[in-house]
Protein chains: 4
Amino acid sequence: MKYLEHTVDAKVRFSEVDSLRVVWHGNYLKYFEDGREAFGLHYGMSYLELHAHGVVQPLVKMDMDFKSVVRYGDLISITTRLIYTKAAKVIFEYEVFNKTTGLVGAVGQSIQVFVDENMELQLFAPPVYDEWKKNLPWKEK
Amino acid sequence: MKYLEHTVDAKVRFSEVDSLRVVWHGNYLKYFEDGREAFGLHYGMSYLELHAHGVVQPLVKMDMDFKSVVRYGDLISITTRLIYTKAAKVIFEYEVFNKTTGLVGAVGQSIQVFVDENMELQLFAPPVYDEWKKNLPWKEK
Amino acid sequence: MKYLEHTVDAKVRFSEVDSLRVVWHGNYLKYFEDGREAFGLHYGMSYLELHAHGVVQPLVKMDMDFKSVVRYGDLISITTRLIYTKAAKVIFEYEVFNKTTGLVGAVGQSIQVFVDENMELQLFAPPVYDEWKKNLPWKEK
Amino acid sequence: MKYLEHTVDAKVRFSEVDSLRVVWHGNYLKYFEDGREAFGLHYGMSYLELHAHGVVQPLVKMDMDFKSVVRYGDLISITTRLIYTKAAKVIFEYEVFNKTTGLVGAVGQSIQVFVDENMELQLFAPPVYDEWKKNLPWKEK
């Protein structure tokens, strides 16, 4: 498996915690999105750059596993891993690690596809994306 | 003062409550927006209809007073009151009433202006809006 | 497979739509939660009742498939289906149906477990839950 | 007027932008809260420390003025200013500055009071808060 990953630190907002005083599960999707964005900025392919090329990558699948609670005040890191694929899709894995407790908070996996501006599914990734992908410093596992 | 009002019932979502087990203050803006939308649908001028006429009404001011707590499970009603004005702006007042406790939860007031699609401020309300306003069953207070 | 389901109508909030003018994917988790809550109220086992018995049911898994876009102004219905299981867990399936387009917007599945107030995993469902489960009008498929 | 201020940088999340591609107004309250939290951490009085002393400071008033749009990708800074008062309340002013456009995005002011754990209003600030306030490096304007 070829992959590439990036980690970014983050903090839990007061407004992200529910009445059980733990992060409300839906807010992990914001952490995953923060991770995906940080990944894109780090490796030179941001949402806005893609959008400027008329490329949109809607999510078609998102799986989440909640492992341990994250509380307000906890420091977290978000690791985002792009999984290499030849298919016209984008596969990311995520891990939210709770640095305060030393435990994994949640993991996830998402699949995105390529659509044009009329939301029509594209069978091939756009050239700008393939070009970018080719030049990445992939790791092997 | 000429005004027109509309009331809609609503429920507090689990995800809207914070770790003190009361509605997080920012979520009142969602209730105000729900009220504004219900008002528009009731009186025949929705966001989407305005948008179809190229009219956008961004908020320029929002004031909120928090009076008593609202908890998960509480039933609320949202009263939205359009205040008549000759100026090229839209003034709404809001009241979130907690039907479970019999107390006012929060009140607010917002001011919106008219901009065109380039976000340029308009000194006059668009004809479609003035026409609509003229035919409303205004009340006097 | 034994199951039980409940459907509730809902509306898309302006604040739930992203810059592509479609529901931001994380907001489907609010629809799923709305569905779960409506299910509980309909069949007589709400979050607050469980909480009063010291029972908390944290999510451990959530899978989502996004099928077609849902836009601001679209009317949706949320169907929530409890899947019968002998295990000490709670399995729900969800479908967000877009009544405006006639297409399924998203489906999902969640797994919850039982913990006590110290967040310790319980190997058996609490008596109040088993009693409730026994008396439900399960359907067969 | 005696005051004390602190500035923190922030980024606009994709999920914070609405279908007009500008920050949804309610999300400024998250930026204000981020600012308030950064202020507290910087000057040694966090929400969690206050909470540990049984002190809760609910918002009773929040005013917001929206000056110019903030878009996804814009870099912002949040300046939070504590205004000195002898009264048993906490007054903050906020400014969200858009570093990308060089324009102020929004300003706001909030008032918080002190309540005990039964949500009863306190006529005097708690000793831990007064002690902290006395030792701050107030500026004069």
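Residues numbered from 1 in each chain as written. Chains lettered and ligands numbered in written order. Predicted model: local features only at pLDDT ≥ 70, side-chain atom pairs only at ≥ 80, totals over all residues. Heavy atoms only, no water.

1. Quick notes on the overall build of chain A
- A count of helical and extended segments in chain A gives three helices and six strands.
- Along its sequence from the N terminus, chain A presents helices and strands in the succession β-α-α-β-β-β-β-α-β.
- C-alpha extents for chain A along the principal axes are approximately 45 × 35 × 20 Å.
- Each of the 141 residues in chain A was classed as buried or not, and the buried ones make up 56%.
- When contacts within chain A are restricted to residue pairs at least 6 apart in sequence, long-range pairs at least 24 apart make up 70% of them.
- If you sum the accessible surface of chain A, you get close to 6500 Å²; carbon and sulfur atoms cover 54% of it.
- The positive charge centre, built from 17 side chains, and the negative charge centre, built from 19, are 5 Å apart in chain A. (Helix = DSSP H or I, 4+ residues; strand = E, 2+ residues; numbered from the N terminus. Buried < 20%, exposed > 50% of the residue type's maximum accessible area, 1.4 Å probe, protein only. Contact = heavy atoms within 4.5 Å. Areas by Shrake-Rupley, 256 points an atom, 1.4 Å probe, with all protein chains shown as cover. Lys, Arg positive; Asp, Glu negative; His and termini not counted. Charge placed at Lys NZ, Arg CZ, Asp CG, Glu CD.)

2. As for the sheet that holds strand S5 (residues 103-113) of chain C
- The antiparallel open sheet is built from 12 strands, whose spatial order is S6(A)-S1(A)-S3(A)-S4(A)-S5(A)-S2(A)-S2(C)-S5(C)-S4(C)-S3(C)-S1(C)-S6(C). The open sheet has two edge strands with one neighbour each: strand S6 (139-140) of chain A together with strand S6 (139-140) of chain C.
- Taken together, the eight bridges between strand S3 (residues 75-83) of chain A and strand S4 (residues 89-98) of chain A define a ladder with antiparallel strand orientation. Of the residues in S4 of chain A, the one forming a bridge with Thr80 of chain A is Tyr94 of chain A. (Pairing = 2+ DSSP bridges.)

3. Things to note about the relation of the copies chain B and chain D
- By a simple turn and slide, chain B fits onto chain D: the slide is 0.0 Å along the axis, the RMSD is 0.0 Å, and the turn is 180°. The superposition of one copy onto the other is thereby described by a two-fold rotation axis. The position closest to the rotation axis in chain B is occupied by the C-alpha of Asp63 of chain B, lying 2.1 Å away.
- Taken together, the interface assignments show that 100% of the residues at the interface of chain B recur at the interface of chain D, consistent with an identical surface on both copies. (Least-squares fit on C-alpha atoms with pLDDT ≥ 70 in both.)

4. Overview of empty space enclosed by the protein
- In this structure the tally under the stated criterion is three cavities of 30 Å³ or more.
- Taken as a whole, the largest cavity encloses approximately 470 Å³ of empty space.
- Around the largest cavity, the lining comprises 32 residues; the ones closest to its centre are Lys30 of chain A, Asn27 and Lys30 of chain B, Lys30 of chain C together with Lys30 of chain D.
- Residue composition of the lining of the largest cavity, by class: eight nonpolar, 12 polar and 12 charged. (1 Å grid on protein atoms, 1.4 Å probe; cavity = no way out; pocket = protein on both sides within 12 Å on 5 of 7 lines; lining within 4 Å. Points joined across faces, edges and corners; volume = space filled by probe spheres on them. Nonpolar A, V, L, I, M, F, W, Y, C, P; charged D, E, K, R; others polar.)

5. Considering the interface of chain B and chain D
- At the interface, 23 residues of chain B touch 23 residues of chain D.
- Summed over both sides, the interface of chain B with chain D buries roughly 2000 Å², with 62% coming from carbon and sulfur.
- By the criterion of area lost to chain D, the three top residues of chain B are Leu20, Trp24 and His25 of chain B, representing 24% of everything that side buries.
- Our count for the chain B to chain D interface comes out at two salt bridges.
- In this structure, Lys61 of chain D engages Asp65 of chain B in a salt bridge whose closest nitrogen and oxygen atoms are separated by 3.4 Å.
- Put simply, the parts of the chain that give the side of chain B that touches chain D at least two residues each are helix H1 (28-42), helix H2 (47-52) and strand S2 (59-66) of chain B.
- If you tally residues by element for the side of chain B that touches chain D, the top one is S2 of chain B, at eight residues.
- Looking at side-chain class alone, the side of chain B that touches chain D contains 13 nonpolar, four polar and six charged residues.
- Direction of pairing for S2 of chain B relative to strand S2 (residues 59-66) of chain D: antiparallel, over a ladder of five bridges. (Buried area = accessible area lost by both parts, 1.4 Å probe. Salt bridge = Lys/Arg side-chain N within 4 Å of Asp/Glu carboxyl O.)

6. Quick word on the interface of chain A and chain C
- Counting from both sides, the interface comprises 23 residues of chain A and, opposite them, 23 residues of chain C.
- Both sides of the chain A and chain C interface together cover about 2000 Å² of buried area, and 63% of this is carbon and sulfur.
- Seen at the junction of chain A and chain C, the total is two salt bridges.
- Applying the counting criterion to the chain A and chain C interface returns eight residue pairs in polar contact (both at pLDDT 80 or more).
- Here the residues of the side of chain A that touches chain C sort into 13 nonpolar, four polar and six charged. (Polar contact = N/O pair within 3.5 Å; in protein donor to acceptor, adjacent residues only side chain to side chain.)

The values are spatial; any link to function lies outside them.
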